[in-house]
Amino acid sequence: MFYENDSLYLEREKSQIPWIKIFTKTAYKELSHCPKSLQEELFYMTLFCERALLDFYKPDKINIASFANYLPRIHIHIMARFKEDAFFPESMWGKQQRELVDLKLKSFEDFVYFFKQKLKKDGLKF
C-alpha cells in the first residue's frame, strides 16, 4: 500500500508495467452500492492516478478496469500500457503477444514520490 485515506487505499500490482489498484476500505460489492460521495472520490482518484501515470511514465495508453469477479469487492485497476509490453494490444489478462522486454521505465518508488508531491499540490493529504 502506498497511499490511504479514510475511505480508499492504493496498492501496486507487481507487473512488467506500472499498475495501480484502488480499493474501497469498506467492502462494497458493486459501485452502485457505494455512497455517492465515495463514487465521486473513486472517480476523482481514478483520474488522478491516470494523470500521474501519464505525466510520469509517458505511456502509449492507459487501461482502466474493474471486474471484481474473483475478489467480489470494488477495486479499480489503472495500468500504464506500452506498445512494447508483453501483452499489448491485448489486456493484461489476455494472451501474451511477445517475449518480455526491458521497457527501461523509471522505478515505481520514484513514481510514488512523484505521486505524493502531486497530491500535495492538489491539497490532498497522505
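You'll find the structure just up there.
None of these values were measured; they are calculated from a predicted model.

**Focus on the packing of aromatic side chains**
Under the criterion given, the structure shown has 14 aromatic pairs. For the ring pair F67 and W93, a centre distance of 5.1 Å and an interplane angle of 90° mean the geometry is edge-to-face. One end of the pair, F67, is in the loop between β4 (61-65) and β5 (75-81); the other, W93, is in the loop between β5 and α2 (108-121), with 26 residues separating them in the sequence. Owing to a relative accessible area of 42%, W93 belongs among the partly exposed residues under this scheme. A connected cluster of aromatic rings, assembled from ring pairs, spans F2, Y3, Y44, F48, F56, Y57, F108, F111, F114 and F115. The side chain of K106 reaches across the aromatic face of F56, ending 4.6 Å from its centre.

**Details of α2**
For α2, built from 14 residues, the straight-helix expectation of 20 Å at 1.5 Å per residue is met to within 8% by its first-to-last C-alpha distance of 20 Å. What α2 keeps buried is the set F108, F111, V112, F115, K118 and L119. For α2, the angular spread of buried residues about the axis comes to 125°, placing them on one side. Among the exposed residues of α2, those pointing more than 90 degrees away from its buried face are E109, Y113 and K121. Backbone geometry just after α2 places G123 at a positive phi near 80°.

**Considering the pattern of salt bridges**
Overall, the coordinates contain five salt bridges when judged by the stated rule. Taking the shortest distance from any N to any O, the salt bridge between E4 and K25 comes out at 2.6 Å. Of this pair, E4 sits in strand β1 (residues 3-4) while K25 sits in the loop between β3 (19-24) and α1 (36-57); the two residues are 21 residues apart in sequence, bridging distant segments of the chain. The class of E4 is partly exposed, set by a relative accessible area of 38%. The partner of K118 in a salt bridge is D55, and the shortest N-O contact between them spans 3.3 Å. In this pair, K118 sits in helix α2 while D55 sits in helix α1, placing the two residues 63 residues apart along the sequence.

**Let's talk about the sheet that holds β3**
Pairing within the open sheet is antiparallel, and its five strands lie in the order β1-β2-β3-β5-β4. With partners counted over all chains shown, the strands left at the sheet margins are β1 and β4, one partner each. Where β4 meets β5, five bridges bridge the pair, whose relative direction is antiparallel. In the sheet register, K61 faces β5, and the bridge partner there is R81. Across the sheet, α1 lies against β1, β2 (8-12), β3, β4 and β5, angled at about 165° from β3, the strand it touches most. Where α2 meets the sheet, it contacts β1, β2 and β3, and its direction lies at approximately 155° from that of β2.

**Considering the side chain of R81**
Note on placement: R81 falls in strand β5. Residue class for R81 comes out buried when judged on its relative accessible area of 1%. Side-chain polar atoms of R81 contact the side chain of D85, separated by 2.8 Å. At 2.9 Å, the side chain of R81 forms a polar contact with the backbone oxygen of E90. Contact partners of R81, with chain neighbours within four places excluded, come to I17, P59, D60, K61, N63, F87, F88, E90, S91 and M92.

What counts and how
- Residues numbered from 1 in each chain as written.
- Predicted model: local features only at pLDDT ≥ 70, side-chain atom pairs only at ≥ 80, totals over all residues.
- Heavy atoms only, no water.
- Phe/Tyr/Trp six-rings, centres within 6.5 Å; stacked < 30°, edge-to-face > 60°.
- Helix = DSSP H or I, 4+ residues; strand = E, 2+ residues; numbered from the N terminus.
- Buried < 20%, exposed > 50% of the residue type's maximum accessible area, 1.4 Å probe, protein only.
- Lys NZ or Arg CZ within 6 Å of the ring centre and 35° of its normal.
- Expected span 1.5 Å × (residues − 1).
- Arc of directions from axis to C-beta.
- Salt bridge = Lys/Arg side-chain N within 4 Å of Asp/Glu carboxyl O.
- Pairing = 2+ DSSP bridges.
- Contact = heavy atoms within 4.5 Å.
- Axes fitted to C-alpha atoms, helices over the stretch in contact; angles between N-to-C directions.
- Polar contact = N/O pair within 3.5 Å; in protein donor to acceptor, adjacent residues only side chain to side chain.

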